[in-house]
Amino acid sequence: LHGLNFTIEDREIFGFLGPSGAGKSTTQKILIGLLKNYQGSITVLRRELSTWDNSFYEQIGVSFELPNHYLKLTARENLCYFRSLYQGPGPIPDPMEILTLVGLADDADKRVAKFSKGMKIRLNVARSLLYRPKLLFLDEPTSGLDPVNARNIKNLILEQRAHGTTVFVTTHDMTVADELCDRVAFIADGRIDVIDAPRTLKKQYGKRSVVVEYTDHKTDMQSREFPLDDLGQNREYFDLLNSAKHIETIHTQESTLEQVFIQVTGQELSK
């Protein structure tokens, strides 16, 4: 890591995006106190990170990319054990309540050794929510999940923000970041290249044009591109809309977040 400098606002979903080896997980390990030999200053929850004692872990929740559970225990037993480690005041949610949130209620009493990878990932997320953390760290939270469960986890993350939790997401999946994050940081080779809202980045680096796909009386599918600026006064655009036999699609040429990342960093996002 080289000279990282960023601030995350309260109740923000902040995406830390980059390919494998970029420095995402290293940064998260520093922020959650696993790596201590760093230079610089880090303030977490308004306190210098180096001054926190073990009470820090009463404030944060962490879901690692790789499943790390007690395989001979059931899902419920895993959560009950980890729940017993918390010492702070306040009620701790019942494990069944948390398992219901991640869609594992029906598998609560099944040994984790029999879980699929996707189920273990969801149990990771469940464990991170045990103490209603103020700050939530999620490393590739939808990795290995089918579309339905991935959607459920995304909705759960949005719900956590709505309830006042700040969320730090590390991922190489730009679709996840685009759907969830208020702002994103692009990291490559241990350096941050840009930080901004996904929509702002896509507008800044996108192409301001509209493509119309259509068929007419003489040919098969065709397409034409028109400048987005002053589109309402573009006579050729309206002539095409009126003359084409069938309009198939009309869409702006907005860049994807992945295309922006490649343009900014010059790197692909292969994991």
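Residues numbered from 1 in each chain as written. Predicted model: local features only at pLDDT ≥ 70, side-chain atom pairs only at ≥ 80, totals over all residues. Heavy atoms only, no water.

Considerations on the environment of glutamate 225
Right, so step 1: Positionally, glutamate 225 belongs in strand 10 (residues 222–227).
Right, so step 2: On a C-alpha basis, the gap between glutamate 225 and tyrosine 237 in space is 8.9 Å, while along the polypeptide they are twelve residues apart.
Right, so step 3: Once residues within four sequence positions are removed from consideration, glutamate 225 is found in contact with Lys207, Ser209, Val210, Val211 and Gln253.
Right, so step 4: Polar side-chain contacts of glutamate 225 include one of 2.6 Å to the side chain of serine 209. (Helix = DSSP H or I, 4+ residues; strand = E, 2+ residues; numbered from the N terminus. Contact = heavy atoms within 4.5 Å. Polar contact = N/O pair within 3.5 Å; in protein donor to acceptor, adjacent residues only side chain to side chain.)

A look at the sheet that holds strand 8 (residues 191–196)
Right, so step 1: Spatial strand order, 4-5-6-1-7-8: six strands in an open sheet with mixed pairing. Each edge of the open sheet is held by one strand with a lone partner, namely strand 4 (60–63) and strand 8. Within this sheet the neighbouring strands show an average axis-to-axis angle of 15°, counted without direction.
Right, so step 2: Relative to strand 4, helix 4 (residues 117–128) is tilted by about 175°, and along the sheet it contacts strand 4 and strand 5 (135–139).
Right, so step 3: Each of strand 1 (13–17), strand 5 and strand 6 (166–171) touches helix 5 (residues 147–162); the most contacted strand, strand 1, lies at about 130° to it. (Pairing = 2+ DSSP bridges. Axes fitted to C-alpha atoms, helices over the stretch in contact; angles between N-to-C directions.)

Topic: the pairing of strand 1
Right, so step 1: The buried count for strand 1 comes to five of five residues, which makes it a mostly enclosed element.
Right, so step 2: The side-chain alternation of strand 1 yields two buried faces, one formed by Ile13, Gly15 and Leu17 and the other by Phe14 and Phe16.
Right, so step 3: Taken together, the five bridges between strand 1 and strand 6 define a ladder with parallel strand orientation. Bridged to glycine 15 within strand 6 is valine 169.
Right, so step 4: Pairing geometry for strand 1 and strand 7 (residues 183–188), over four bridges, is parallel. (Buried < 20%, exposed > 50% of the residue type's maximum accessible area, 1.4 Å probe, protein only.)

Focus: the sheet that holds strand 10
Right, so step 1: Spatially, 10-9-11 is the arrangement adopted by the three strands of the open sheet, whose pairing is antiparallel. At either margin of the open sheet sits one strand with a lone partner, and together these are strand 10 and strand 11 (246–252). Taking the axes of each pair of neighbouring strands and ignoring which way they run, one obtains an average angle of 20° across the sheet.
Right, so step 2: Lying on the sheet, helix 8 (residues 235–243) is in contact with strand 9 (209–215), strand 10 and strand 11; it crosses strand 10 at an angle near 150°.

Looking at a nonpolar patch on the surface
Right, so step 1: The grouping of Leu34, Leu35 and Tyr57 at the surface amounts to a nonpolar patch, some 260 Å² of accessible area in total.
Right, so step 2: With respect to the element layout, tyrosine 57 can be found in the loop between strand 3 (47–48) and strand 4.
Right, so step 3: Looking at tyrosine 57, the relative accessible area reads 33%, which means it is partly exposed. (Patch = residues over 30% accessible without salt bridge, like charges linked within 9 Å, V, L, I, M, F, W, Y side chains within 5 Å. Areas by Shrake-Rupley, 256 points an atom, 1.4 Å probe, with all protein chains shown as cover. Salt bridge = Lys/Arg side-chain N within 4 Å of Asp/Glu carboxyl O.)

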